[in-house]
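# Observations on the three-dimensional arrangement
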Amino acid sequence: MHYDQAESVVNQTASDEVPDSDVAVFSVSQHSRVSTLPRVRVILQTALVNVIANGGRLVRCRALLDSGSQISCITRQLVNKLGCRMVNTNMPVSGIGNVKSPVNKCCSVIVKSMCRNFTVDLRCLVYDEITGTLPASYFSFDNLKIPSDLDLADPDFNKPASIDLLIGMDRLPFIMKSGFVKLSNELPVVMDTELGWVIGGCIDSSDIGEGVHTNIAVSDNLDQLLQRFWEIEEISNEQCVQTEAQQCEEHFKKSHHRDVDGRYIVRLPLRETVDKLGNSRSMALRRFFALEAQLSRRPEVKEQYSMFMEEYKAMGHCREVDESLSID
């Protein structure tokens, strides 16, 4: 959050993705402005890192470590500097108040620590802007008495600067280490990470004219998402059997049997009112004559076709019709 004397505004920034998959709603970080909180300054954990661009060159950027985000995100401006390829995605992102917004681009980047021999792969959602400048205004940290032997991940953590990269909980557990230094009961904590030592916590500040950023994530219940998915995909239990379909089923039950080879044999279902078939004789004759003309140009195929029809007739699958008999 950032404190502000006169306004109450909510800015949403996303930090989640899935597996081309694929359907999921992820959480986002929210940055709110409120006017009733006490005048303390909250330091968020930031780090300067190198990101490997195309060709192997290194691009320095400023990252925010956000334990309230389920996935990482990156600014479009940094993506353009890196020259990395963006991939289409369709990711619903959910934030405070259960407000959802879609994200349609993602990319993969490799982050390299500037303090340690450490690299990490990130799969990031792409946003035009992650959040505003952090901190919102300059402040002095002389009274913090940070040990001089600590290699700070962001030596200029007290100076306002833009955020190019957000590292969420998809990779943050692999970056954090167990070491920490508690400056005092009323001062921030310095924590050890693979990116260097990062500072986070509250300090008294009587000159705050800024807001205070809060990164609080809310995600949809996965069970509810799966339930809605299966409700959409599930075939209805209601049997909607049409009259003709029911008649075909009854015909199958009455006429089918199995031969000695185990194959099912069933009589073809015919409509009771054959007059609705129409006059198809002329069309059948035209097709028959056209087939004869084709076969006359290919004697070997005609011979094979004749052998097949003789076998078909011998097996009782067809018989010659006596045209003298009335169909009626």
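Right above here is the structure, for reference.
Here we summarise the structure given alongside this text. Treat the numbers as computed from the prediction; the structure is a model and nothing was measured. (Residues numbered from 1 in each chain as written. Predicted model: local features only at pLDDT ≥ 70, side-chain atom pairs only at ≥ 80, totals over all residues. Heavy atoms only, no water.)

### Observations concerning the overall build of the chain
- Along its length, the chain carries six helices and 16 strands.
- For the chain, with 328 residues in total, the buried portion stands at 35%. (Helix = DSSP H or I, 4+ residues; strand = E, 2+ residues; numbered from the N terminus. Buried < 20%, exposed > 50% of the residue type's maximum accessible area, 1.4 Å probe, protein only.)

### Things to note about the side chain of Ser 69
- With respect to the element layout, Ser 69 can be found in the loop between strand S6 (58-65) and strand S7 (72-75).
- Since its relative accessible area comes to 1%, Ser 69 is described here as buried.
- A distance of 2.6 Å separates the side chain of Ser 69 from the side chain of Asp 66, its partner in a polar contact. (Polar contact = N/O pair within 3.5 Å; in protein donor to acceptor, adjacent residues only side chain to side chain.)

### As for the pattern of salt bridges
- All told, the structure shown has seven salt bridges when counted by the stated rule.
- Note that Asp 151 and Arg 116 form a salt bridge whose closest N and O atoms lie 3.3 Å from each other. Here Asp 151 is found in the loop between strand S10 (119-127) and strand S11 (165-167), whereas its partner Arg 116 is found in the loop between strand S9 (100-113) and S10, with 35 residues between them in sequence.
- Since its relative accessible area comes to 29%, Asp 151 is described here as partly exposed.
- For Asp 156, the salt bridge identified is with Lys 159, shortest N-O distance 3.7 Å.
- Asp 156 gets classed as partly exposed once you look at its relative accessible area, which sits at 37%.
- Here Lys 159 falls in the partly exposed class, since its relative accessible area comes to 40%.
- Residues joined in a network through salt bridges with shared partners are Arg 116, Asp 151 and Asp 192. (Salt bridge = Lys/Arg side-chain N within 4 Å of Asp/Glu carboxyl O.)

### Regarding unusual backbone geometry
- Of note, the amide linkage connecting Leu 134 to Pro 135 takes the cis form, showing an omega dihedral of -15°.
- Structurally, Pro 135 is set in the loop between S10 and S11.
- Backbone geometry at Lys 145 places phi at a positive 55°, although glycine is not the residue there.
- Assignment of secondary structure puts Lys 145 in the loop between S10 and S11.

### Topic: the packing of aromatic side chains
- All chains considered together, the criterion is met by four aromatic pairs.
- Taking the centre distance of 4.8 Å and the plane angle of 40° together, the rings of Phe 141 and Phe 157 count as tilted. Here the residue Phe 141 occupies a position in the loop between S10 and S11, and Phe 157 occupies one in the loop between S10 and S11, the gap between them amounting to 16 residues.
- With a relative accessible area of 6%, Phe 157 lands in the buried category.
- Three or more aromatic residues link up through ring pairs in this structure, and these residues are Phe 139, Phe 141 and Phe 157. (Phe/Tyr/Trp six-rings, centres within 6.5 Å; stacked < 30°, edge-to-face > 60°.)

### What about empty space enclosed by the protein?
- The calculated volume of the second largest cavity comes to roughly 40 Å³.
- Lining the second largest cavity we find Ile 43, Leu 44, Thr 46, Leu 152, Asp 154, Phe 157, Trp 197, Val 198 and Ile 199.
- Its residues assigned to classes, the lining of the second largest cavity shows seven nonpolar, one polar and one charged. (1 Å grid on protein atoms, 1.4 Å probe; cavity = no way out; pocket = protein on both sides within 12 Å on 5 of 7 lines; lining within 4 Å. Points joined across faces, edges and corners; volume = space filled by probe spheres on them. Nonpolar A, V, L, I, M, F, W, Y, C, P; charged D, E, K, R; others polar.)

### Overview of the sheet that holds strand S14 (residues 196-204)
- Read across the open sheet, the four strands follow the order S4-S14-S13-S12; overall the sheet is antiparallel. Pairing within the sheet leaves two strands with one partner each, and these edge strands are strand S4 (40-43) and strand S12 (176-182). Put simply, the sheet's adjacent strands are angled 20° from each other on average, direction ignored.
- Note that strand S13 (residues 189-193) and S14 share five bridges and pair antiparallel. By the bridge assignment, Thr 193 is partnered in S14 with Gly 196. (Pairing = 2+ DSSP bridges. Axes fitted to C-alpha atoms, helices over the stretch in contact; angles between N-to-C directions.)

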